[in-house]
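The chain contents come next:
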Amino acid sequence: MARPVLYTGAVSGAAMPEHIVFLTGKLAERSLRGVLEELAPQEFTYDVVRLPINVAGLITADFIGRHFAPSEGTHRVIVPGRCRGDLDALGRAVGASFERGPDELHDLPEHFGRQRKGVDLSAHDVQIFAEIVEAPSLSVEQIVARAHAYRDDGADVIDLGCLPDTPFPHLADSVRALRQAGFRVSVDSLERDDLLTGGRAGADYLLSLKAETIDIADEVESTPVLIPSEPGDLDSLRRAIDSMRRRDRPFLADPILEPIQFGFARSLLRYQALRDAEPEAQILMGTGNVTELTDADTSGTTAVLLGVAVELRLNAILTTQVSPHCRRAVREADWARRMMFAARQSQSLPRDLTDALLTVHERRPFPYSSEEIVQLAAEVRDPNFRIQVCERGVHIFNRNGLSVATDPYELFARLDVEEDGAHAFYLGVELARAQIAWQLGKRYAQDEELGWGCAYERPPEDRMVQRAPGPTLTARRKRTARR
């Protein structure tokens, strides 16, 4: 087998470049070689080994063990990303190091570091206060259950919202139950009685105290969140801050983020002004006035707001999940704070760090061009349908030919599956997914659900599980052409 040696930087006495073997199937071999030639790696040499199988996505660890033996000098073996089975056990059996590559071979450049990868997103410096707005209408048990869900999504503090003119007789019991369950708790109200009740029950924080109500802090141990006496009045907020400092007590300050078209831009400037004037103060930003009151996907809105918070080194946000379109606000805030912290620490743009907040679109939705799909279709010799998507539309093909359309209804008459209900149903599902992917600009992979970032809690796929071929014609037809 010809070995393309692309390393040009080796000098006498220098370490030899790493040699990597890429395993693939018949249909993807040409594309894989093209990607590697374009990659032109300087840090390693490589071989491409085609295993005796058409569809690389169906390769398993057991299959590799039966059909591949690494040659001397092989440092690593890269297998298709969808390969099932125990690669560690395979490596021990044949004496080589095996590694899963990306699901799509066109993502190999990113896999080898041509774009940022392996970023540490474990760190952040912004706390998330997650408000249970309708807490007065929930039982204590329901409040605790909601708190567990919020904590699973990333919340650090559970905020109990007190509604105006709405009795909350079980406020103290709720605070105590949450504390007993291991939660940090805040109580959010402008009513003096609510704040005192929550503080005496053991709340960690009280939202919100003004200069005129700062004496509440003398009666409880809770840390207050301070707000202006009147909207936009930074002077009154500074007076409240000075008052807490005289008491030698911790606090957070919130200049109040206003809704868009109702003072939003000026309120952002107030956060900047407060940070400039108080470089060491703990500052909180409430994001709900923007996320809840703007008809836009909250993943992007939250990303921008957390970008502001992290850039200004704010210390906490208060977020809500009231409107249906805000149903993932806590989870989105958790991802956003981590992404923005990583960007700030590395002094880079918040790009290529995570796809969690790309819930509707993707940066690179179509890894294959229409020309590449046409070439792939020309090599297919079996009746199994493959579906792929590119900018031109949805492509479906088998040995009988290739059809392209942007509307699945245009394709159905060409598929000749009217008499096979199960197969027609399967193709209907897959073509609907493919159409959505084409319309929105999302990555499509046959037999897999579309990815929606952190907007949808998708269980992790177990690549240790091998997909056994089904016994029916429908199952056989479902096999997909993948690397």
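Since we're looking at a predicted model, the values are computed, not measured. (Residues numbered from 1 in each chain as written. Predicted model: local features only at pLDDT ≥ 70, side-chain atom pairs only at ≥ 80, totals over all residues. Heavy atoms only, no water.)

Colleague: I tried to follow the confidence of the model for the chain on my own but got confused; where do I start?
Modeller: Interpreting fine coordinate detail is not advised for predicted regions of low pLDDT. Looking at the chain as a whole, the pLDDT averages 88, with 90% of positions reaching at least 70. Confidence drops under a pLDDT of 50 for residues 1-14, and excluding neighbours within four residues, the segment shows 23 contacts in the predicted structure. Here residues 467-483 scores under 50 on pLDDT; set against residues more than four positions off or in separate chains, the count is 58 contacts. (pLDDT = per-residue confidence, 0-100. Contact = heavy atoms within 4.5 Å.)

Colleague: Just to check I follow, could you spell out the nonpolar core for this structure?
Modeller: Nonpolar side chains in soluble globular proteins generally cluster together in the buried interior. Counting residues in hydrophobic clusters, the biggest one holds 67 residues, and the most contacted among them are Leu 160, Leu 178 and Leu 226. Broken down by element, this core gets its largest block of residues, seven residues, from helix 12 (residues 329-346). Apart from the residues lying within four places of it in its own chain, the contact partners of Leu 160 are Ile 132, Ala 135, Ile 143, Phe 168, Leu 171, Ser 174, Val 175, Leu 178, Val 185, Ser 186, Val 187 and Asp 188. Within the second largest apolar cluster, 23 residues are counted, among which are Leu 32, Leu 36, Leu 105 and Phe 112. (Core = buried A, V, L, I, M, F, W, Y, C linked by side-chain atoms within 4.5 Å. Buried < 20%, exposed > 50% of the residue type's maximum accessible area, 1.4 Å probe, protein only. Helix = DSSP H or I, 4+ residues; strand = E, 2+ residues; numbered from the N terminus.)

Colleague: Sorry if this is basic, but what is going on with the sheet that holds strand 9 (residues 223-226) here?
Modeller: Strands belonging to one sheet form pairs held by backbone hydrogen bonds; the direction of such a pair is parallel or antiparallel. Spatial ordering of the open sheet is given by 10-9-8-7-6-5-12-11, a layout of eight strands whose pairing is parallel. Of all strands in the sheet, those bounded by a partner on one side alone are strand 10 (252-253) and strand 11 (284-286). Alignment of strand 7 (residues 184-188) against strand 8 (residues 205-209), held across three bridges, turns out to be parallel. Residue pairing in the sheet places Ser 186 in a bridge with Tyr 205 of strand 8. Taken strand by strand, helix 12 contacts strand 5 (127-132) and strand 12 (316-320), and its axis lies near 175 degrees from that of strand 5. (Pairing = 2+ DSSP bridges. Axes fitted to C-alpha atoms, helices over the stretch in contact; angles between N-to-C directions.)

Colleague: So what exactly am I meant to see when it comes to the environment of Phe 98 here?
Modeller: Within the secondary structure, Phe 98 is located in strand 4 (residues 98-100). Distance in space between the C-alpha atoms of Phe 98 and Val 360 is 34 Å, their sequence separation being 262 residues. Leave out the neighbours within four places in its chain, and Phe 98 touches Leu 23, Ile 64, Phe 68, Val 77, Val 79, Leu 87, Leu 90 and Gly 91.

Colleague: Which parts of the structure should I look at to understand helix 5 (residues 140-153)?
Modeller: An α-helix turns once per 3.6 residues; consequently, residues spaced three or four apart project the same way. In this model helix 5 runs 20 Å from its N-terminal to its C-terminal C-alpha over 14 residues, within 8% of the 20 Å that 1.5 Å per residue would give. Close packing links the buried residues of helix 5 with strand 5, strand 6 (157-161), helix 6 (171-180) and helix 12. Downstream of helix 5 by a residue or two, Gly 154 has a phi angle that is positive, lying close to 120 degrees. (Expected span 1.5 Å × (residues − 1).)

Colleague: Mind showing me how you'd approach the environment of Leu 23 here?
Modeller: Secondary-structure assignment places Leu 23 in strand 1 (residues 18-24). Leu 23 sits in the buried class, given a relative accessible area of 0%. Taking the C-alpha atoms as reference points, Leu 23 and Pro 228, 205 residues apart in sequence, are found 64 Å from one another.

Colleague: Sorry, what's going on with the sheet that holds strand 15 (residues 401-405) here?
Modeller: The strand order 13-14-15 describes an open sheet built from three strands, whose pairing is antiparallel. Pairing within the sheet leaves two strands with one partner each, and these edge strands are strand 13 (386-390) and strand 15. The average angle at which neighbouring strand axes cross in this sheet is 20 degrees, direction not considered.

Colleague: I would appreciate a short explanation of the pairing of strand 5 in the present structure.
Modeller: Successive side chains on a regular strand alternate, one facing one side of the sheet and the next facing the other. Burial analysis of strand 5 places six of its six residues in the buried class, which makes it a mostly covered element. Residues of strand 5 alternate between two faces, with Gln 127, Phe 129 and Glu 131 on one and Ile 128, Ala 130 and Ile 132 on the opposite face, all of them buried. As paired elements, strand 5 and strand 12 share five bridges and run parallel to each other. Across the sheet, Glu 131 pairs through a bridge with Thr 320, a residue of strand 12. Pairing of strand 5 with strand 6 involves four bridges; the strand directions are parallel. Each bridged residue has a counterpart across the sheet, and for Ile 132 the counterpart in strand 6 is Leu 160. Crossover connection from strand 5 via helix 5 to parallel strand 6: handedness right-handed. (Right-handed = clockwise from strand over helix to strand, strands pointing away.)

Colleague: Is there a simple way to explain the packing of aromatic side chains in this structure?
Modeller: To describe a pair of aromatic rings, one takes the distance between the centres and the angle between the planes. The tally for this structure, following the rule as stated, stands at six aromatic pairs. Each ring, one from Phe 22 and one from Tyr 46, has its centre 6.2 Å from the other, and the planes form 80 degrees; the classification is edge-to-face. One end of the pair, Phe 22, is in strand 1; the other, Tyr 46, is in strand 2 (residues 44-50), with 24 residues separating them in the sequence. Each member of the pair, Phe 22 together with Tyr 46, is buried. Taken together, the ring pairs in this structure connect Phe 22, Phe 44, Tyr 46 and Phe 112 into an aromatic cluster. Directly above the ring of Phe 183 sits Arg 151, whose terminal nitrogen or CZ lies 3.9 Å from the centroid. The ring centre of Trp 452 lies 4.6 Å from the NZ or CZ of Lys 442, which sits over that ring. (Phe/Tyr/Trp six-rings, centres within 6.5 Å; stacked < 30°, edge-to-face > 60°. Lys NZ or Arg CZ within 6 Å of the ring centre and 35° of its normal.)

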